[in-house]
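One letter stands for each residue in the lines below.
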Amino acid sequence: MIISVASGKGGTGKTTVSANLARVWPSPVQLLDCDVEEPNCHLFIKGGLKSQDVVSMRVPQVDAALCNGCGACSALCEFNAIASLKDEALVFEELCHGCGGCTLVCPTRAITEKDRRIGEIEVMEAGHISLVQGRIDVGVAMAPPVIRAVKDRIDPGKTAILDAPPGTSCPVIATVKDTDLVILVTEPTPFGLHDLRLACDMVRELGLPFGVVINRVGAGDERVHVFCRDEGVPILLEIPDDRRIAEAYSRGELMVDALGEYRGLFEGLMHTVQGLRTRTRREDHADL
Amino acid sequence: MKIAFTTSGESLDASLDTRFGRAPRILVYDLDAGSFEVVDNTQNLNAPQGAGIQAAQNVARTGAMHLVTGHCGPKAFKVLTAAGIAVYTTDAATVSEALERFRSGGLTRAQSADVEGHWV
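Residues numbered from 1 in each chain as written. Chains lettered and ligands numbered in written order. Predicted model: local features only at pLDDT ≥ 70, side-chain atom pairs only at ≥ 80, totals over all residues. Heavy atoms only, no water.

## Let's talk about the overall build of chain B
1) Next: The secondary structure content of chain B amounts to three helices and five strands.
2) Next: Ordered by position from N to C terminus, the α and β elements of chain B give β-β-β-α-β-α-β-α.
3) Next: Its C-alpha atoms give chain B a radius of gyration of 13 Å, within 12% of the compact-globule value 14 Å for 120 residues.
4) Next: With 120 residues in all, chain B has 49% of them scored as buried.
5) Next: Sequence-distant contacts, at least 24 apart, represent 52% of the contacts inside chain B between residues at least 6 apart.
6) Next: For chain B, the exposed surface amounts to about 5500 Å²; the carbon and sulfur share of it is 50%.
7) Next: Averaged over its 10 positive side-chain charges, chain B has a centre that lies 8 Å from the centre of its 12 negative ones. (Helix = DSSP H or I, 4+ residues; strand = E, 2+ residues; numbered from the N terminus. Rg over C-alpha atoms; globule rule 2.2 N^0.38 Å. Buried < 20%, exposed > 50% of the residue type's maximum accessible area, 1.4 Å probe, protein only. Contact = heavy atoms within 4.5 Å. Areas by Shrake-Rupley, 256 points an atom, 1.4 Å probe, with all protein chains shown as cover. Lys, Arg positive; Asp, Glu negative; His and termini not counted. Charge placed at Lys NZ, Arg CZ, Asp CG, Glu CD.)

## Here's the deal with the domain arrangement of chain A
1) Next: Segmentation of chain A into domains returns domain 1 (2–35 + 139–287) and domain 2 (64–109).
2) Next: Measuring from the centre of the C-alpha atoms in domain 1 of chain A to the corresponding centre in domain 2 of chain A gives 41 Å. (Domains from an automatic or database assignment.)

## Digging into the pairing of strand S1 (residues 2–7) of chain B
Residues and elements named next belong to chain B.
1) Next: Along S1, five of the six residues are buried, which leaves the element largely enclosed by surrounding structure.
2) Next: Bridging between S1 and strand S2 (residues 25–30) involves six bridges; their strand directions are antiparallel. Opposite Phe5, over in S2, you have Leu27 as the bridge partner.
3) Next: Of the pairings in the sheet, the one linking S1 to strand S4 (residues 66–69) comprises three bridges and is parallel in character. Residue pairing in the sheet places Ile3 in a bridge with His66 of S4. (Pairing = 2+ DSSP bridges.)

## Structural notes on helix H3 (residues 95–103) of chain B
For the α-helix, the turn length of 3.6 residues means that residues three or four positions removed from each other point alike.
Residues and elements named next belong to chain B.
1) Next: Those residues of H3 lying buried are Val95, Ala98, Leu99 and Phe102. The buried residues of H3 all sit within an arc of 100° when viewed along its axis, so they share a single face.
2) Next: Residues of H3 that are buried sit in contact with S1, S2, S4 and strand S5 (86–89).
3) Next: At the exit of H3 stands Gly105, carrying a positive phi of roughly 75°. (Arc of directions from axis to C-beta.)

## Points about the nonpolar core
1) Next: Of all hydrophobic cores here, the largest spans 58 residues; its most connected members are A:Leu32, B:Phe20, B:Val59, B:Leu67, B:Val79 and B:Leu80.
2) Next: Looking at which domains feed residues into this core, each of domain 1 (2–35 + 139–287) and domain 2 (64–109) of chain A supplies at least three.
3) Next: Listed in part, the 36 residues of the second largest apolar core include A:Ala19, A:Val29, A:Leu259 and A:Met270. (Core = buried A, V, L, I, M, F, W, Y, C linked by side-chain atoms within 4.5 Å.)

## Examining empty space enclosed by the protein
All names here are of chain A.
1) Next: In total, this model carries two cavities of 30 Å³ or more according to the counting rule given.
2) Next: Approximately 80 Å³ is the volume found for the largest cavity.
3) Next: Lining of the largest cavity is provided by 15 residues; of these, Cys67, Cys70, Cys73, Cys106 and Ile111 occupy positions nearest its centre.
4) Next: If you go around the second largest cavity, the residues you meet are Thr15, Thr16, Ala19, Asn20, Phe44, Ile245, Ala248, Tyr249, Glu253, Leu254 and Met255.
5) Next: Those elements that provide at least two residues to the lining of the second largest cavity are helix H1 (14–24) and helix H8 (243–250).
6) Next: Take the lining of the second largest cavity: its biggest share by element is four residues, from H1.
7) Next: Its residues assigned to classes, the lining of the second largest cavity shows seven nonpolar, three polar and one charged. (1 Å grid on protein atoms, 1.4 Å probe; cavity = no way out; pocket = protein on both sides within 12 Å on 5 of 7 lines; lining within 4 Å. Points joined across faces, edges and corners; volume = space filled by probe spheres on them. Nonpolar A, V, L, I, M, F, W, Y, C, P; charged D, E, K, R; others polar.)

## A look at the environment of B:Val115
Residue and element names in this part refer to chain B.
1) Next: Position of Val115 relative to the elements: it lies in the segment after H3.
2) Next: Classification of Val115 by relative accessible area gives partly exposed; the value is 35%.
3) Next: Not counting residues within four places of it along the chain, the set of residues in contact with Val115 comprises His71, Cys72, Gly73 and Pro74.

## Some points on the environment of A:Gly47
Residue and element names in this part refer to chain A.
1) Next: By the secondary structure assignment, Gly47 is in the loop between strand S2 (29–33) and strand S3 (48–62).
2) Next: On the accessibility criterion, Gly47 (31% relative accessible area) is partly exposed.
3) Next: When the C-alpha positions of Gly47 and Leu131 are compared, they lie 8.0 Å apart, and in sequence the two are 84 residues distant.
4) Next: With residues up to four places along the chain from it excluded, the contact list for Gly47 reads Met124, Glu125 and Ala126.

## Structural notes on the sheet that holds strand S1 (residues 2–6) of chain A
Within a sheet, neighbouring strands are paired by backbone hydrogen bonds and run either parallel or antiparallel to one another.
Residue and element names in this part refer to chain A.
1) Next: Read from one edge to the other, the open sheet built from nine strands follows the order S3-S6-S7-S2-S8-S1-S9-S10-S11, with strand pairing classed as mixed. Two strands close off the open sheet at either side, each with one partner strand: S3 and strand S11 (235–240). Across this sheet, the average inter-strand angle for adjacent strands is 20°, counted without regard to direction.
2) Next: In this structure, strand S6 (residues 111–126) lies alongside strand S7 (residues 129–136), joined through eight bridges in antiparallel fashion. Bridge assignment links Glu120 to a residue of S7, and that residue is Arg135. (Axes fitted to C-alpha atoms, helices over the stretch in contact; angles between N-to-C directions.)

## Looking at the interface of chain A and chain B
1) Next: Facing the 17 residues of chain A at the interface are 16 residues of chain B.
2) Next: Counting the surface chain A buries against chain B, the share from its top three residues, A:Asn80, A:Leu85 and A:Phe92, is 37%.
3) Next: Between the two partners, chain A and chain B, sit seven residue pairs in polar contact (both at pLDDT 80 or more).
4) Next: Contributions of two or more residues to the side of chain A that touches chain B are made by strand S4 (82–84) and strand S5 (89–91) of chain A.
5) Next: By residue number, the principal contributor to the side of chain A that touches chain B is S4(A), which donates three residues.
6) Next: Partitioned by chemical class, the residues of the side of chain A that touches chain B number nine nonpolar, five polar and three charged. (Buried area = accessible area lost by both parts, 1.4 Å probe. Polar contact = N/O pair within 3.5 Å; in protein donor to acceptor, adjacent residues only side chain to side chain.)

Okay, structure coming up:
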């Protein structure tokens with residue numbers, strides 16, 4: 001089972017939900033930090049480093065001696081990552097999406113591909129949790145290839161929990177795509193509701209089953225609850241607005257460890273999530 | 001000798017577009033013939049990225065060896081330099097005013113981009 005935790009608005013508690021859910025999961029679980037621009041699960045899941053690998057993408061390189069300046073490469077490239085002049089072609093690696101199209105259309109075979117380093121993946125082991133963390137290199141603008149590399153580490157034999165970046169754009173889509181359930185974490189504020197609407201639109205567009213976790217309940221108003229009720233969106237968990245939770249967080253401690261009374265909340269979330277999965281599967285079969 | 005100008009219009013009286021990559025048109029003036037042609041650059045108006053790179057290729061295709069525009073970013077500057085095109089930036093309001101400044105030697109060749117590049 002692959003669960004993704006996303007939010008729309010940043011700072012609502014994606015990492016809190018992902019990491020605490022992983023902690024109470026009763027069997028070996030993978031926690032994959034897909035927020036590759038600022039991975040932070042490692043602050044809460046402290047484990048020994050097991051492996052560290054470079055993530056690369058394929059980008060073109062041009063042999064000037066073979067280039068005849070025909071322009072087929074630059075005409076093909078949607079991203080203007082290659083410029084064709086009289087007798088040479090200039091590559092802008094930072095704009096390249098790595099499709100390889102230019103190498104295919106080059107009539108003189110002047111274009112080959114080489115690896116461009118864009119980030120790294122670290123795997124850490126902490127008890128029953130295997131933390132896989134992607135980290136994009138400074139100066140690299142495209143996160144999805146690093147996120148896909150993190151997701152390539154998913155072990156089908158284990159439950160995987162994916163901590164998504166905030167927002168509703170490409171890096172989030174790359175994370176939640178092909179997952180079995182999306183947990184949207186929000187807060188009961190106007191900003192939380194505004195971005196929750198966007199996030200709901202996104203997962204509906206993708207056709208993914210989803211539910212909502214409302215964090216810091218009591219800090220704002222009722223509008224998020226009303227929205228969920230009116231839209232028929234299940235509320236999977238409500239976390240109260242408790243200063244001690246923030247204090248534990250700031251010390252790098254998991255809520256379920258520091259504040260035992262909240263352990264039950266996350267065990268409840270785990271059972272709810274497992275139940276939703278079973279129900280979704282049954283509905284899949286009903287459709288057939 | 002041909003000089004390229006970025007413009008939103010079709011004539012010498014038209015305004016000089018201060019943007020390089022996303023200027024709708026490029027006016028190419030032939031100093032020897034005293035005539036000009038206008039080249040379309042609108043494919044770049046909605047380009048998600050790399051508009052300057054495309055525009056630089058468009059200028060190179062016209063055969064112009066000089067470009068007068070408002071601002072030029074690093075990627076466009078790199079392509080223009082590779083194509084051997086001299087870049088001049090100016091605050092002239094119209095193409096004719098920019099042309100006059102070029103003729104009278106009032107423009108200095110840029111040694112580098114004068115604005116920052118855009119992230120993807």
